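So you can see what is in the structure, the chains are spelled out below.
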Amino acid sequence: MIHSMTGYAVASAESARGALTLELRSVNSRFLDLQFRVADELRAAEPMLRELIAGRITRGKVDCRLSHGNAIPHAQQQLNARAVQQLRSLAAEAATAFPGASPLRIADVLRWPGVLAEPAADEESTRATLDKLCRRALDELCAARSREGAKLAVAVLGRVAGMRKQLAEVAPLVPEAVAAYRTRISERLREVLGSGDDDRARAEIALFAAKSDVDEELTRLATHLDEVERVLAEGGARSSPAGKRLDFLAQELNREANTLASKAAGLKIADCALELKLLIEQIREQVQNIE
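Residues numbered from 1 in each chain as written. Predicted model: local features only at pLDDT ≥ 70, side-chain atom pairs only at ≥ 80, totals over all residues. Heavy atoms only, no water.

(A) Broad picture of helix α8 (residues 242-262). Compared with an ideal rise of 1.5 Å per residue, which puts 21 residues at 30 Å, α8 spans 30 Å between its outermost C-alpha atoms and is within 8% of the ideal. The complete set of buried residues in α8 reads A242, G243, L246, D247, L249, A250, E252, L253, N254, E256, A257 and L260. Those residues of α8 hidden inside the fold are in contact with α4 (123-170), α7 (215-234) and α9 (267-287). (Helix = DSSP H or I, 4+ residues; strand = E, 2+ residues; numbered from the N terminus. Expected span 1.5 Å × (residues − 1). Buried < 20%, exposed > 50% of the residue type's maximum accessible area, 1.4 Å probe, protein only. Contact = heavy atoms within 4.5 Å.)

Quick look at the structure:
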């Protein structure tokens, strides 16, 4: 199955640390490029996330963002006696320095950093939650990339069909173009040399026929198109991503089309070669996004 390198997924879950949110964004890249934006208190989970993502995705720039809402239930929160005692001492010193100042309110005390103690987070429980969360987000991301990949495959196959049509039109034009050129050059050489059957005319015609022989290019183009269709049908593997193979085939198609254009023996053949190059460029644009 063909997968695009473009996709988006987000998943959330409750944990001892509050609501966890994992967001994955992926775009095209030559290799696998993982970027993490993880809250400091969850940084220890980054190696696990990296391993899970690399196990499912082979190419693309993937941006992973992990955050939590700190939504600890009030029933689980307790006053930090030590912090309260320190705050009381500070308040007493401040009252001595500023006798006219208003005393601290309960709301001020509760908002003071460290006064409300959160329960110790269960690292194993949080890790297990993150594992499930990441797998769920990866399922969604891979599904999105698969849907996008199917559309890309259809687009590439459409260009392949267009190229086959151009090749079918070029093949019968070559003999006609060679014959027309043979007639023109024979007439010119006869006028210049004053000979009806000159060896130089035959040599010139033979040289042109050899240079304008595009059977090899047409065969290679058809073979490369067969390979493109095969890769799209089979999909890619971790050891050999489809996108890299298709990109290589697009380069080979372009090389053969350039040769065909340089050997064009007539305007119609040149136009067909130009149309082939346009379709190949469209294929290259599409395969740049295939994993």
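So, next bit.
(B) Spatial organisation of the pairing of strand β2 (residues 18-27). Of the strand pairs in this sheet, strand β1 (residues 7-15) and β2 are connected by 9 bridges, and their pairing is antiparallel. Across the sheet, residue Y8 finds its bridge partner in β2, namely R25. Taken together, the 8 bridges between β2 and strand β4 (residues 60-68) define a ladder with antiparallel strand orientation. By the bridge assignment for β4, T21 is matched with S67. (Pairing = 2+ DSSP bridges.)

(C) View of the nonpolar core. Core analysis: the largest hydrophobic core is formed by 33 residues, its most contacted members being M163, V228, L246 and L260. At the level of elements, α4, α5 (173-193), α7, α8 and α9 are the ones that each hand at least two residues to this core. The leading source of residues in this core is α9, at 8 residues. Contact partners of L260, with chain neighbours within four places excluded, come to V214, E217, L218, L221, I269, A273 and L276. (Core = buried A, V, L, I, M, F, W, Y, C linked by side-chain atoms within 4.5 Å.)

(D) Highlighting the packing of α7 against α8. In the contact formed by α7 and α8, the axes pass within 10 Å of each other and the chain directions differ by 165°. If you check the angle between α7 and α8, you find them roughly antiparallel. Crossing hand, α7 versus α8: left-handed. Contacts from E217, L218, R220, L221, H224, L225, E227, V228, R230, V231 and L232 in α7 reach A242, R245, L246, L249, E252, L253, E256, A257, T259 and L260 in α8. Of the residues contributing to the contact of α7 with α8, the split by class is 12 nonpolar, 2 polar and 7 charged. (Axes fitted to C-alpha atoms, helices over the stretch in contact; angles between N-to-C directions. Parallel < 35°, antiparallel > 145°, perpendicular 65-115°, else oblique. Left-handed = near helix turned anticlockwise from the far one by under 90°. Nonpolar A, V, L, I, M, F, W, Y, C, P; charged D, E, K, R; others polar.)

(E) Local environment of the sheet that holds strand β3 (residues 32-38). With mixed pairing, the 4 strands of this open sheet are ordered in space as β1-β2-β4-β3. What marks the edges here is a single partner per strand, and that holds for β1 and β3. Each strand of the sheet is rotated relative to its neighbour by a mean of 15°, with strand direction disregarded. The strands that helix α1 (residues 46-56) touches are β2, β3 and β4; relative to β3, the one it contacts most, it runs at about 145°.

(F) Just the side chain of D63, in detail. Assignment of secondary structure puts D63 in strand β4. The class of D63 is buried, set by a relative accessible area of 14%. Among the polar contacts made by the side chain of D63, one reaches the side chain of R65 at a distance of 3.2 Å. Sequence-distant contacts of D63, defined by excluding residues within four places in its chain, comprise E23, L24, R25, Q35 and R37. (Polar contact = N/O pair within 3.5 Å; in protein donor to acceptor, adjacent residues only side chain to side chain.)

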